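# Analysis of the macromolecular model
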Amino acid sequence: MNKKVWSIILLCIICISFVCEVGLIVGFDMLVNEIESKGELPGNGLGAIVLIVYLYFGTVIISGFIASVGFFCSLMNIKISPNRAIKIISIVSVCIWSVIFLLLGPLFYILI
């Protein structure tokens, strides 16, 4: 396969990872709002606390993994893209992934 095909494949992976990232954040927000609207935690005592901790840690870790995949695919796409439009899209996506990493860093630090 040539560079043009790999550039398109990487662009598709970038778009899929962005959609997964947005879906994860929206799904997490809906779940937290559902738990808060009931006014009580699911389960009893320690189980409820463990559930909330796992929700927060799991979301941050999975979100970081998805963001790293998108970030590295964008970096590779900047190097190999033969088309100027794809290169600009990749540069913009690197900036977006960088902002996501900057937001995930303090959130992970707060959770620890």
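Residues numbered from 1 in each chain as written. Predicted model: local features only at pLDDT ≥ 70, side-chain atom pairs only at ≥ 80, totals over all residues. Heavy atoms only, no water.

### Comments concerning the overall build of the protein chain
Formally: Helix and strand assignments follow DSSP, with helices taken as H or I runs no shorter than four residues and strands as E runs no shorter than two, numbered in order from the N terminus. Exposure is judged per residue with a 1.4 Å probe applied to protein chains only, and the accessible area is read against the type maximum: over 50% gives exposed, under 20% gives buried, and values in between give partly exposed. Throughout, a contact is declared for two residues whenever any of their heavy atoms are within 4.5 Å.
Looking only at helices and strands, one finds three helices and zero strands in the protein chain. Traced from its N-terminal end to its C-terminal end, the protein chain shows the element sequence α-α-α. Residues classed as buried in the protein chain amount to 28% of the 112 residues present. Nonlocal contacts in the protein chain, meaning residues at least 24 apart in sequence, comprise 75% of its contacts between residues at least 6 apart.

### Re the state of the cysteines
Here is the rule we go by: Pairs of cysteine sulfur atoms within 2.5 Å are what we label disulfides.
Counting across every chain of the model gives zero disulfides. This cysteine, C12, is not joined by any disulfide, and C15 carries the nearest cysteine sulfur, 6.5 Å off. We classify C12 as partly exposed; its relative accessible area is 43%.

### A few points about a nonpolar patch on the surface
This is how it is decided: Every patch collects residues that have over 30% relative accessible area and no salt bridge, joining them within 9 Å if they carry like charges and within 5 Å if they are nonpolar side chains (Val, Leu, Ile, Met, Phe, Trp, Tyr). We get accessible surface area from the Shrake-Rupley algorithm with a probe of 1.4 Å; when it comes to residues, only the shown protein chains can shield them. Put simply, a salt bridge is a Lys or Arg side-chain nitrogen that is within 4 Å of an Asp or Glu carboxyl oxygen.
Residues F18, V22, V26, M30, I88, V92 and I96 make up a contiguous nonpolar surface patch of roughly 590 Å² in combined accessible area. The greatest single-element share of the nonpolar patch, amounting to four residues, is contributed by helix α1 (residues 3-38). Assignment of secondary structure puts V92 in helix α3 (residues 84-111). Among the residues examined, V92 registers a relative accessible area of 45% and is labelled partly exposed.

### Here's the deal with the nonpolar core
As a reminder, the rule being used: The nonpolar core is taken to be a set of buried Ala, Val, Leu, Ile, Met, Phe, Trp, Tyr and Cys residues, with the residues joined through side-chain atoms within 4.5 Å.
With 10 residues, the main nonpolar core is built from L10, I14, V60, A67, F71, C73, V94, W97, I100 and L104. When contributions to this core are tallied by element, the ones reaching two or more residues are α1, α2 (46-80) and α3. Apart from residues no more than four positions distant in its own chain, L104 is found in contact with V60, S63 and G64.

### So, the confidence of the model for the protein chain
Here is the rule: For every residue, the predictor assigns a confidence score, pLDDT, that lies between 0 and 100.
Mean pLDDT over the protein chain works out to 85, with 89% of the residues at or above the 70 mark. Mean pLDDT per element in the protein chain: α3 is the minimum at 85, and α1 is the maximum at 87.

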